[in-house]
Amino acid sequence: MTTEIILQAVVTGLMMGLIYALIAAGLSLIFGLMDIVNFAHGEHLMLSMFSSFWLWSLFGLDPIFSIPITILLMAFCGVLTHYFLIRYILKAKMLIQICATFGLSIFIRSIAQFLWTPDFRNIDKPFLEGRLEISGMFIGQPQLVASLICLVAFILLYLFVTRTETGLALQATAQDRHAAEILGIPSDKMFAIGWAIGLGCVGVAGGMMANYFFIFTDVGINFALFAFVAVALGGFGSIIGCLYAGIIIGLVESLGGLLIDPSFKLLYVFAIYLLVVIFRPQGLFGRY
Amino acid sequence: MDKLLIAKSEPLWNTDKRIISLIGGFIVLLFALPHFGLNSFYLHLMIMIFMHAVMAQSWNVIAGFSGQISLGHGAFFGIGAYATSFLYVQYGISPWISIFLGMIVSGIAAVLIGIPMLRLSGHYFAIATLLIGISFQIIFQRWEWVGAASGVWVPMTSEDSLLALQFHSSKMPYYYIFLVFFIITFYLVWLLSRSKLGYRLRAVRDDPQAALSLCINVSNYKIIAYVISAMIMAPMGSLFAQYILIIDPDRVFNIEISIIVLLITVLGGIGNVWGPIVGAAILIPISEYSRIYLGGTGGAVDLILYGLILMLICIFRPEGLISFFPKNILERKKQR
């Protein structure tokens, strides 16, 4: 095993990690805001990939150009989710909240299976294709662009949450819903915005992944699991923690697959989750 | 002090005579049912209802009574299924013995998983169990010794055999076996719900801090609930394996098993002994019929319905359908 192969694995892991980070950031934002874990996160990712696919297949729009549309669609989807489901279960027991988003995930996935069958699809001849060779390493162009765009989106999200007025209002609501309401921040609207942004992040990640990943109805499951892991690893509710956690997960997945056994990739990531939540329940960058 | 004594002498067993006879009549009816000329499809339907009711009851013990949401309960089902099939195929051990071996293995697995995991609470525990459930599937898919992804095929006996728990001529014996397990499980869980243990579990669920201050060792009680729950789940896996005679990781460690027990319990009424029966009696026919009439379309129509039902229940009836029944039937009558 040469250093080149290891370096290759590191780069691959890094690129995947940035995508995981963005997906996890959406989850983390929603959790931090309203203490609800979106168990339908993977299904939302799947929807955004399908949105990319259909925009390409019906209108010939390449995924990289249809990203704004996908983001808008997903944001709309997030607002719908909030107003039709989450609003009613805000005050319910945690069990009911888990069951509700779990129900949503089953619902979305099986509707997708009903409409589109469980076939695998991919986008033929996307705008981004081929690979670059940099000193012996091969880097897929779509992967590279996807991870860079995810990084940019992540930075924009971070700036939005920490610098803009709406972002600060979001943070205020996340910290204390009632105090924020007293100060005139409408929490219901903030929740809707949180869902819109959270799923918008998923829209970016899904739209970019549609370039090079197979598109099928169960595609979201593993990504959602990794997002849970990333959120726990980074600390529930911490946005910047997601970035580090996503990269760690990407590296573990890719290096573990290379050094130990590729068929147990998922297990390495799961093992990290279990170790982290047992020994450091607040996560690596948790605020609790 | 007087009040305390009265409360203490109040019988926990006080159930209305009419309700006892109602339940008794119902059990007699269930025993007589196969003789009314049910064809094998209806027998299968009833068997599935019994099986899922017990599985949901198992989930109810950990989630309903002690408040820990496990999303990986299918693991114990799979352990039970593998215990009987594998031991029968490899060593010729009768399923009747290996059902109990499966229960023990399952209980040990529950302790091993429970000790680290049950320190977690809420979402952390739910996600951890989800990951563990999937890990079991991944491990069994690649474990050569137990047949890896192709699973275990149980060789068929030439004729019906009680010892090998195989009945090919009729589904009737399976019906009675599942029925007996169903009744025993429900009786035991009913006892549990009225025992000191049951009340302590609910105390742990409702207010762990207060329970701790009453010297209830919260984490120990959670582990006890988890083990009981696992040991209820395992025999169902064993019986299911003997019922279909072929098991593989995708079937018995499927995440859908963990989902369906949650669905049934939440639909019927979580934390209530009778909830799983109501849930199973409604959901299983929906699933079987939609598979017959709509299954050919390639879509998962039953799952669409499940998801919708689950969301609607969570929004409108978080206590489950059992809350539609008059309360005095469900709870012991107040002593005057």
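Residues numbered from 1 in each chain as written. Chains lettered and ligands numbered in written order. Predicted model: local features only at pLDDT ≥ 70, side-chain atom pairs only at ≥ 80, totals over all residues. Heavy atoms only, no water.

An unreviewed UniProt entry lists chain B under the name Branched-chain amino acid ABC transporter permease, with Candidatus Pelagibacter giovannonii as the source organism. Quoted verbatim from the Subcellular location (unreviewed entry) heading of the UniProt record, the comment on chain B is "Cell membrane". (UniProt positions renumbered as here; feature names shortened; annotations may be inferred.)

Looking at an unreviewed UniProt entry, one finds chain A named Branched-chain amino acid ABC transporter permease, with Candidatus Pelagibacter giovannonii as its source organism. The Sequence similarities (unreviewed entry) field of the UniProt record for chain A holds the comment "Belongs to the binding-protein-dependent transport system permease family. LivHM subfamily." Chain A has a UniProt comment under Subcellular location (unreviewed entry) that states "Cell membrane".

This structure, assessed with the given rule, holds 33 aromatic pairs over all chains. The interplanar angle of 65 degrees and the centroid separation of 5.4 Å between the aromatic rings of B:Phe41 and B:Tyr42 together place this pair among those described as edge-to-face. Judged by relative accessible area, which is 26%, B:Phe41 ranks as partly exposed. Geometrically, the ring pair formed by B:Phe182 and B:Phe186 is tilted, given 4.8 Å between the ring centres and 50 degrees between the ring planes. Note that B:Phe182 and B:Phe186 are positioned in helix H7 (residues 172-194) at a spacing of four residues, about one turn of the helix. Like B:Phe182, the residue B:Phe186 is buried in the burial classification. What links up through ring pairs into an aromatic cluster is the set B:Tyr82, B:Phe86, B:Phe136, B:Phe140, B:Trp143, B:Trp145 and B:Phe253. A cation sits over an aromatic face here: B:Arg142 above A:Phe264, 5.8 Å from the ring centre. The ring of B:Phe65 is capped by B:Arg202, whose NZ or CZ atom sits 5.2 Å from the centre of that ring. (Phe/Tyr/Trp six-rings, centres within 6.5 Å; stacked < 30°, edge-to-face > 60°. Buried < 20%, exposed > 50% of the residue type's maximum accessible area, 1.4 Å probe, protein only. Helix = DSSP H or I, 4+ residues; strand = E, 2+ residues; numbered from the N terminus. Lys NZ or Arg CZ within 6 Å of the ring centre and 35° of its normal.)

All names here are of chain B. In this structure's numbering, the residues bearing the UniProt feature "transmembrane region" (unreviewed entry) are residues 20-36, 69-89, 95-115, 122-140, 174-192, 223-247 and 259-284. Helix makes up 100% of residues 95-115 and strand 0%, with an end-to-end C-alpha separation of 29 Å. The span residues 174-192 carries 100% helix and 0% strand; its end-to-end C-alpha distance comes to 27 Å.

So, on to the interface of chain B and chain A. In this complex, chain B contributes 39 residues to the contact, which on the side of chain A involves 38 residues. By the criterion of area lost to chain A, the three top residues of chain B are B:His123, B:Tyr124 and B:Leu131, representing 19% of everything that side buries. Our count for the contact surface shared by chain B and chain A stands at zero salt bridges. Counting every contact that joins chain B to chain A gives three residue pairs in polar contact (both at pLDDT 80 or more). Of all the secondary-structure elements, those providing two or more residues to the side of chain B that touches chain A are helix H5 (95-117), helix H6 (122-142), helix H12 (255-268) and helix H14 (301-316) of chain B. In the side of chain B that touches chain A, the residues fall into 30 nonpolar, seven polar and two charged. (Contact = heavy atoms within 4.5 Å. Buried area = accessible area lost by both parts, 1.4 Å probe. Salt bridge = Lys/Arg side-chain N within 4 Å of Asp/Glu carboxyl O. Polar contact = N/O pair within 3.5 Å; in protein donor to acceptor, adjacent residues only side chain to side chain. Nonpolar A, V, L, I, M, F, W, Y, C, P; charged D, E, K, R; others polar.)

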